[in-house]
Amino acid sequence: MEKVTFGARGELSGYACGELHKPGLVVLQEWWGITEEIKLQAQKIASEGFRCVVPDLYKGTLGVDQEEAHHLMTNLDFPQAVGEICEAAKFLKESGCPSVGVTGFCMGGALTILSLPASADIACGVPFYGVPQGFDASTVTKPCQGHFGALDEMKGFSDSETAAKLGEDLKKGCAQSEVFVYEGVGHAFMN
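Before going into details, it helps to say that this report is about the structure given with it.

Rules of the game
Residues numbered from 1 in each chain as written. Predicted model: local features only at pLDDT ≥ 70, side-chain atom pairs only at ≥ 80, totals over all residues. Heavy atoms only, no water. Helix = DSSP H or I, 4+ residues; strand = E, 2+ residues; numbered from the N terminus. Rg over C-alpha atoms; globule rule 2.2 N^0.38 Å. Buried < 20%, exposed > 50% of the residue type's maximum accessible area, 1.4 Å probe, protein only. Contact = heavy atoms within 4.5 Å. Areas by Shrake-Rupley, 256 points an atom, 1.4 Å probe, with all protein chains shown as cover. Lys, Arg positive; Asp, Glu negative; His and termini not counted. Charge placed at Lys NZ, Arg CZ, Asp CG, Glu CD. Phe/Tyr/Trp six-rings, centres within 6.5 Å; stacked < 30°, edge-to-face > 60°. Lys NZ or Arg CZ within 6 Å of the ring centre and 35° of its normal. Arc of directions from axis to C-beta. Polar contact = N/O pair within 3.5 Å; in protein donor to acceptor, adjacent residues only side chain to side chain. Core = buried A, V, L, I, M, F, W, Y, C linked by side-chain atoms within 4.5 Å. Salt bridge = Lys/Arg side-chain N within 4 Å of Asp/Glu carboxyl O.

Okay, the overall build of the protein next. Tallying secondary structure elements over the protein gives five helices and eight strands in all. Ordered by position in the sequence, the α and β elements of the protein form the string β-β-β-α-β-α-α-β-α-β-β-α-β. Taken against the 2.2 N^0.38 rule, which gives 16 Å for 191 residues, the C-alpha radius of gyration of the protein at 15 Å falls within 12% of a compact globule. The buried share of the protein, taken over its 191 residues, is 49%. Intrachain contacts of the protein at a sequence separation of at least 6 include 65% that bridge at least 24 residues. Here the protein displays about 8900 Å² of accessible surface, and carbon together with sulfur accounts for 53% of that area. A gap of 8 Å separates the mean positions of the 14 positive and 25 negative side-chain charges of the protein.

Looking at where serine 119 falls in the secondary structure, it is placed in the loop between α4 (107–115) and β6 (124–128). Taking the relative accessible area as the measure of exposure, serine 119 reaches 7% and is therefore buried. Filtering out sequence-adjacent residues up to four positions away, serine 119 remains in contact with Cys86, Ala89 and Lys142.

What follows deals with the packing of aromatic side chains. The geometry of an aromatic ring pair is captured by two quantities: the separation of the ring centres and the angle between the planes. Taken as a whole and assessed by the stated rule, the structure comprises nine aromatic pairs. Ring centres of tryptophan 31 and tryptophan 32 lie 5.6 Å apart, and the angle between their planes is 70 degrees; on these two criteria the pair is classed as edge-to-face. Residue tryptophan 31 is classed as buried on the basis of its relative accessible area, which comes to 17%. The exposure class of tryptophan 32 is partly exposed, given its relative accessible area of 23%. Among the aromatic residues, those joined into a cluster by ring pairs are Phe105, Phe128, Tyr129, Phe180, Tyr182 and Phe189. The ring of tyrosine 15 is capped by lysine 39, whose NZ or CZ atom sits 4.3 Å from the centre of that ring.

A few words now on helix α2 (residues 66–75). For α2, the full list of buried residues reads Ala69, Leu72 and Met73. The buried residues of α2 all sit within an arc of 95 degrees when viewed along its axis, so they share a single face. Those residues of α2 that are exposed and aimed more than 90 degrees away from the buried face are Glu67 and Asn75. Tucked into the core, α2 has its buried residues touching α3 (78–94) and α4. The residue sitting at the N-terminus of α2 and contributing the capping side-chain oxygen is aspartate 65; that oxygen lies 3.3 Å from the backbone nitrogen of glutamate 67.

A few words on unusual backbone geometry. Look at lysine 59: it is not a glycine, yet its phi comes out positive at around 55 degrees. For lysine 59, the position within the fold is in the loop between β4 (51–55) and α2. Look at tyrosine 129: it is not a glycine, yet its phi comes out positive at around 40 degrees.

Now for the nonpolar core. Membership of the largest hydrophobic core comes to 56 residues, with the highest contact counts inside it found for Val26, Val27, Cys52, Ile85 and Leu111. Here this core takes eight residues from α3, the largest share from any one element. Ignoring any residue separated from it by four or fewer positions in sequence, one finds leucine 111 in contact with Leu28, Leu57, Leu76, Phe78, Ala81, Val82 and Ile85.

On to the pattern of salt bridges. Inspection of every chain in the model, using the stated rule, returns seven salt bridges. Taking the shortest distance from any N to any O, the salt bridge between glutamate 48 and lysine 44 comes out at 3.2 Å. On the basis of relative accessibility, which here comes to 54%, the residue glutamate 48 falls in the exposed class. Lysine 59 is the partner of glutamate 84 in a salt bridge, and the nearest nitrogen-oxygen pair spans 2.7 Å. Residue glutamate 84 is located in helix α3, and its partner lysine 59 is located in the loop between β4 and α2; the two are separated by 25 residues in the primary sequence. Via salt bridges that share partners, Lys165, Asp169 and Lys172 belong to a single interconnected network.

As structure tokens, then:
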């Protein structure tokens, strides 16, 4: 992975991988920050024919335990993070990607959903086990495919009931949207 900068003044940073001029994908971190796991996810996706950018929403900080990760996530300025995700999508488009999507895990899943209506450069989204609270998902008019675990116990964020409600709401805004709930797995099943 290569370190990249983007944004109007080059003030934002992240990591990129994959060939130029391929479809682009913004890959969003979990609440831990940009871990090796997230980098591996981006590299796996890139190996399937995508150009990926992982924006560094925590500016280099990593959560080393659940308490610190929770602190980092609750102190994240979500509207600012969405703006940074939009800048990452713009960077991919300006780098020659014919289309750009966004995917994320846990906190990154919720940010994926929030980013869809925020950028004309983002064509679709694939959130994994994360739904933003207080957001009307029926306003999302772009295709969105959600993935959740039936054994996830994070009520109101990623449990199966929340996933089902997300699926219903997304269908109101875009008939192509769908949500999958996988039996026998809980939260963070992609790790």
